[in-house]
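An overview of the molecular structure
Chain by chain, the residues run as shown.
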Amino acid sequence: MNKNIQKYFFVFFFLYFLISFFTISRYLYDWDAGQLALGTKHYSLFDHQPHPPGYFLYVKTAGFLNVFFQNINFSFVFINLLAGFLVFYFFFQTTQLYSKDKKTSFLLALL
């Protein structure tokens, strides 16, 4: 990856997290989020903590991150932000198969 594209990635990554950080909900916003949060403390599909199918890795990863962040909602949001950026990177790499121009691939991945 050339230096200009690396600069674009850094700027996009920084803006993505900055905007998301300031617009994050400060509390769990619906029933699903509450069930997922309860699942980090006591994982039991029988008790619907979280509801089926359970999302085992998602819940356990959030529980692990909660040790560092001390905020279960932010732990879930952080996982989602990271996954969103990884999807962007995947689309960027995929569009490079069809367009050899890196700037065009970057803009297509933003769509």
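The paragraphs below set out a description of the structure included in this document.

About the thresholds
Residues numbered from 1 in each chain as written. Predicted model: local features only at pLDDT ≥ 70, side-chain atom pairs only at ≥ 80, totals over all residues. Heavy atoms only, no water. Helix = DSSP H or I, 4+ residues; strand = E, 2+ residues; numbered from the N terminus. Contact = heavy atoms within 4.5 Å. Expected span 1.5 Å × (residues − 1). Buried < 20%, exposed > 50% of the residue type's maximum accessible area, 1.4 Å probe, protein only. Polar contact = N/O pair within 3.5 Å; in protein donor to acceptor, adjacent residues only side chain to side chain. 1 Å grid on protein atoms, 1.4 Å probe; cavity = no way out; pocket = protein on both sides within 12 Å on 5 of 7 lines; lining within 4 Å. Points joined across faces, edges and corners; volume = space filled by probe spheres on them. Nonpolar A, V, L, I, M, F, W, Y, C, P; charged D, E, K, R; others polar.

All right, on to the side chain of Ser 75 then. By secondary structure assignment, the location of Ser 75 is in helix α4 (residues 72-98). Apart from the residues within four sequence positions on either side, Ser 75 is in contact with Ala 62, Leu 65, Asn 66 and Phe 69.

Let's shift gears to α4. An ideal rise of 1.5 Å per residue puts 39 Å on 27 residues; α4 measures up with 40 Å between its terminal C-alpha atoms. For α4, the complete set of buried residues consists of Ile 72, Asn 73, Ser 75, Phe 76, Ile 79, Leu 81, Phe 85, Phe 88, Phe 92, Thr 95 and Gln 96. For α4, the elements touching its buried residues are α1 (3-22), α2 (31-41), α3 (56-69) and α5 (102-110). N-cap assignment for α4: the residue whose side-chain oxygen lies 3.0 Å from the backbone N of Asn 73 is Asn 71.

Moving on, we come to the layout of surface pockets. The volume enclosed by the largest pocket comes to roughly 190 Å³. Every residue lining the largest pocket is listed: Ile 24, Ser 25, Leu 28, Tyr 29, Asp 32, Ala 33, Leu 36, Tyr 58, Asn 73, Phe 76, Val 77 and Asn 80. Mapped by element, the contributors of at least two residues to the lining of the largest pocket are α2 and α4. When residues in the lining of the largest pocket are grouped by element, the largest group, four residues, is from α4. Within the lining of the largest pocket, the residues separate by chemical class into eight nonpolar, three polar and one charged.

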